[in-house]
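# Descriptive structure summary
So the chains spell out like this:
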Amino acid sequence: MPSIQLQQLTKLYGNLEVLHGIDLEMQDAEFTVLVGPSGCGKSTTLRMIAGLETVSSGEIFVDGKPISHLEPKDRDLAMVFQDYALYPHMNVAKNMSFALRLQKRPKKEINKKISEVAEMLGLTDYLHRKPAELSGGQRQRVAMGRALTRDSSTFLFDEPLSNLDAKLRTQMRAELAMMRKRVHKNMIYVTHDQIEAMTLADRIVVMSGGYIQQQGTPEHLFKHPINKFVAGFLGTPPMNFLKADISRQADRTVLAGPGFSLQCDNQATAKLANFSGSQVDLGIRPSDLIFDPAADSAESLQLHVELSEYIGAQSVLICDCAGEKIMVELKSDTPIALGEQLKFRINMADVHLFDPASEHALV
Amino acid sequence: MSYSTLNRLTPYIFLVPALVIMAIALIYPLGYMVYGSFRSWDPSQALPDTDFVGLANYISLWNDPNFHESLMVTLKFAFSVVSIEMVIGVGLALLLDRNLRGMSLLRTLFILPMMIAPVVVGLMWRYMYHPSVGIFNRSLEGMGLGSVDWLGQHALLSVVIADIWQWTPFIFILSLAALQSLPRSALEAARIDGATGWQQIIHIKLPLMMPVLIVTCLLRLIDAFKVLEVILVMTEGGPGLSTEILALRISRTATEFRELGVAAAMSNYLLMLLLLLTIMMLAYNKVLEVRAARARRIAEEGL
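Residues numbered from 1 in each chain as written. Chains lettered and ligands numbered in written order. Predicted model: local features only at pLDDT ≥ 70, side-chain atom pairs only at ≥ 80, totals over all residues. Heavy atoms only, no water.

## Some thoughts on the side chain of Glu196(A)
Residues and elements named next belong to chain A. As for its placement among the helices and strands, Glu-196 is situated in helix α6 (residues 194-200). The side chain of Glu-196 is buried and forms no salt bridge, while Arg-169, the nearest opposite charge, is found at 4.8 Å. A polar atom in the side chain of Glu-196 sits 2.8 Å from the side chain of Tyr-189. Those residues in contact with Glu-196, other than ones at most four positions away along the chain, are Leu-161, Arg-169, Arg-173, Tyr-189, Thr-191 and Ala-201. (Helix = DSSP H or I, 4+ residues; strand = E, 2+ residues; numbered from the N terminus. Buried < 20%, exposed > 50% of the residue type's maximum accessible area, 1.4 Å probe, protein only. Lys, Arg positive; Asp, Glu negative; His and termini not counted. Salt bridge = Lys/Arg side-chain N within 4 Å of Asp/Glu carboxyl O. Polar contact = N/O pair within 3.5 Å; in protein donor to acceptor, adjacent residues only side chain to side chain. Contact = heavy atoms within 4.5 Å.)

So, in structure tokens, the structure goes:
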């Protein structure tokens, strides 16, 4: 499988630049997920790789060869579309075999391939149905099947699950992850759903405003977000942000804001040595707040519980901290009541700090 | 009358003016014609004074070689113009379905002929076909190619050309609308699946446009069977009977031959032909609806 490289890829619509010089390298047989809010340029990037959008400047390399001047059909890739893009007048078998029939492959080979893929996707009983006679999930499977019969080196997915209802989406996500294990190809997947991104990706590329914000493994991005956008985008419920002042008290650095004053440990003190006196955005994930009535106030937040969203085993508390809304995730059987003032301990190693002006992560 | 009854009747009240006009302008003359077609009827007589002749008018027409000739001319004319217009209209739509600078102006220009009154079109083409001063023969002679006897020897071909010029735009705009409502992503999928421009047209675009094309074709066919003004102005049916389409023969039978009963019977033959086409069109739409409903049902039930 080839490696794919984007070099200073730019897209202009008229005078409006929507992609600002994207640099990205995708390794052999890697599952890359482009994720970001709508309008961030992720779909445009994918469509440029597919050849459905022209490249304004920059270049796409496959195994070192520039391909941006090639027609989609000459790029050796298959694509799954958000609205499935099935051919309405062809039955499932015809839909899946369209590319092979255009290539004038022998009938035997086509039939063999179709029955293999249909078997794998559980579509064997539906081969003679037209797309209109299928449910959403089945249509989605046919779209995948059509891509799979192609034997292309690269698969592109443009928000393939976003037209499905919530339950089906979870199921198809799992099926995709299973398929991923069997099919060793380059896969580039676009989604706005960070859960899809986290669960499927070898490498996540977080995009916003036509720029790549950060890329790396899901774990790396979750633990070490490079800026406030990435920190707030990945993870549900999203990260809490609080404004705090850095000050020095005795030999310790203290992060203080309305309603809290946190004392840093040795490690954080050393890291923040140069920032004393400045302001900082404090980021804490809801799962990193630990309910602990006995906690010391130097290492905990005192929160007023306003609302509890019961999810099942877990609940999300929406709390107030001197006017700021803070979300906390904890086990549903924790004995707490609404309206209470509770203490939540914070492990300083889990705290993320961001420069309030540039929004970049500190240290 | 209670308020709720009035409320329920409102839609019908709104329909009444249209119904009245329909009755006066369509149903009454139609009934008059059907009634008249069974009678021996001279224009000097009032209809109640005429003699009932049963199916005699229909039978004599059935055996009349001139009527056959007229029917053949009409069929030849209708099928040749519609098939050529379909090819050119759909072809133009396929060519112009893209975003180029000035495309909207170009599209407007293409549909202009359709907006000109048929009589004007007839006059225009008659002048252009004029044997000595018409632009066609002047140009041909200027190039040293000799003149063509457009409205004489090649009268049917000439009126066919004029009709194609006027009505291709109708097929063009409907095909273009059909093309632009095709699912974009299916076409993109076809490009990725490796379809060339031609293959996209043959395997994706044309099959998906087919429902619109079939209805357009039938509409055009119905219209072509009723053509009158252009031919009346250009050739008056001549030379001989070579361009005498049914509508012309009907009017000549009524006015020149003074046989209103026969003319009415002929109108009824034409009406039956058109009804057949209309029923085909409605039946086709019904089939599509039933098929779509069946697909929906299968999709919902058969998981």
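## Points about the side chain of Ser37(B)
For Ser37(B), the position within the fold is in the loop between α1 (3-36) and β1 (39-40). Taking the relative accessible area as the measure of exposure, Ser37(B) reaches 0% and is therefore buried.

## Structural notes on the sheet that holds strand β12 (residues 252-257) of chain A
Residues and elements named next belong to chain A. Strand order in the open sheet made by the 5 strands is β13-β12-β11-β14-β20, with antiparallel pairing throughout. The sheet is open, and its two edges are formed by β13 (260-263) and β20 (352-354), each paired on a single side. Each strand axis lies, on average, 35° off the axis of its neighbour in the sheet, ignoring direction. Pairing of strand β14 (residues 279-284) with β20, which is carried by 3 bridges, proceeds in the antiparallel orientation. Considered in β20, the bridge of Gly-283 is made with His-352. (Pairing = 2+ DSSP bridges. Axes fitted to C-alpha atoms, helices over the stretch in contact; angles between N-to-C directions.)

## Re a nonpolar patch on the surface
A surface patch of nonpolar side chains, amounting to about 590 Å² of accessible area, comprises Leu6(B), Leu9(B), Tyr12(B), Ile13(B), Leu15(B) and Leu19(B). You can see Leu9(B) is positioned in helix α1. (Patch = residues over 30% accessible without salt bridge, like charges linked within 9 Å, V, L, I, M, F, W, Y side chains within 5 Å. Areas by Shrake-Rupley, 256 points an atom, 1.4 Å probe, with all protein chains shown as cover.)

## Focus: the interface of chain A and chain B
Each side of the interface is counted separately: chain A has 30 residues, and chain B has 23 residues. Summed over both sides, the interface between chain A and chain B buries roughly 2,200 Å², with carbon and sulfur atoms accounting for 61% of that surface. Taken as a group, Lys73(A), Leu102(A) and Glu133(A) account for 24% of the area that chain A buries against chain B, more than any other trio of residues on that side. Joining chain A to chain B, the criterion identifies 3 salt bridges. Among the salt bridges present, the one from Arg294(B) reaches Glu133(A), with a minimum N-O distance of 3.9 Å. On the surface where chain A and chain B come into contact, there are 9 residue pairs in polar contact (both at pLDDT 80 or more). If you list the elements that add at least two residues to the side of chain A that touches chain B, you get α1 (42-50), β6 (77-80), α2 (92-102) and α4 (136-148) of chain A. (Buried area = accessible area lost by both parts, 1.4 Å probe.)

## Description of unusual backbone geometry
Residue and element names in this part refer to chain A. Here the residue pair Thr-236 and Pro-237 is connected by a cis peptide bond, since its omega of -15° sits within 30 degrees of zero. Within the fold, Pro-237 resides in the loop between α8 (228-233) and β11 (240-249). Residue Ala-29 is not a glycine yet carries a positive backbone phi of 55°. The buried category is assigned to Ala-29, whose relative accessible area is 17%. A positive phi is found at Ala-85, a non-glycine position, where the angle reads about 55°. When you line up the elements, Ala-85 lands in the loop between β6 and α2.

## Observations concerning α2(A)
When you tally the buried positions in α2(A), you get 9 out of 11 residues, the bulk of the element. Within the sequence span of α2(A), burial applies to Val92(A), Ala93(A), Asn95(A), Met96(A), Ser97(A), Phe98(A), Ala99(A), Leu100(A) and Leu102(A). The secondary structure elements touched by the buried residues of α2(A) are α3 (107-121) and α4 of chain A together with α8 (184-192) and α9 (197-225) of chain B. The residue sitting at the N-terminus of α2(A) and contributing the capping side-chain oxygen is Asn91(A); that oxygen lies 3.2 Å from the backbone nitrogen of Ala93(A).

## A word on the environment of Leu157(B)
Residues and elements named next belong to chain B. The residue Leu-157 is located in helix α7 (residues 155-180) in this model. We classify Leu-157 as partly exposed; its relative accessible area is 47%. Between the C-alpha atom of Leu-157 and that of His-130, which follows or precedes it by 27 residues, the distance is 15 Å.

## Thoughts on the domain arrangement of chain A
Residue and element names in this part refer to chain A. Domain assignment breaks chain A into domain 1 (4-233) and domain 2 (240-354). Placing a centre on the C-alpha atoms of domain 1 and another on those of domain 2 gives a separation of 39 Å. Listed per partner, the contact involves 7 residues of domain 1 and 5 residues of domain 2. Of the roughly 610 Å² buried where domain 1 meets domain 2, counting both sides, 64% is carbon and sulfur surface. Looking at the side of domain 1 facing domain 2, the largest losses of area belong to Phe-222, Lys-228 and Ala-231, adding up to 73% of the total buried there. The tally of links from domain 1 across to domain 2 stands at 1 salt bridge. Notably, a salt bridge pairs Lys-228 with Asp-281, separated by 3.1 Å at the nearest N-O pair. Secondary structure elements with two or more residues in the side of domain 1 that touches domain 2: α7 (218-223) and α8. Among the residues forming the side of domain 1 that touches domain 2, the class breakdown is 3 nonpolar, 2 polar and 2 charged. (Domains from an automatic or database assignment. Nonpolar A, V, L, I, M, F, W, Y, C, P; charged D, E, K, R; others polar.)

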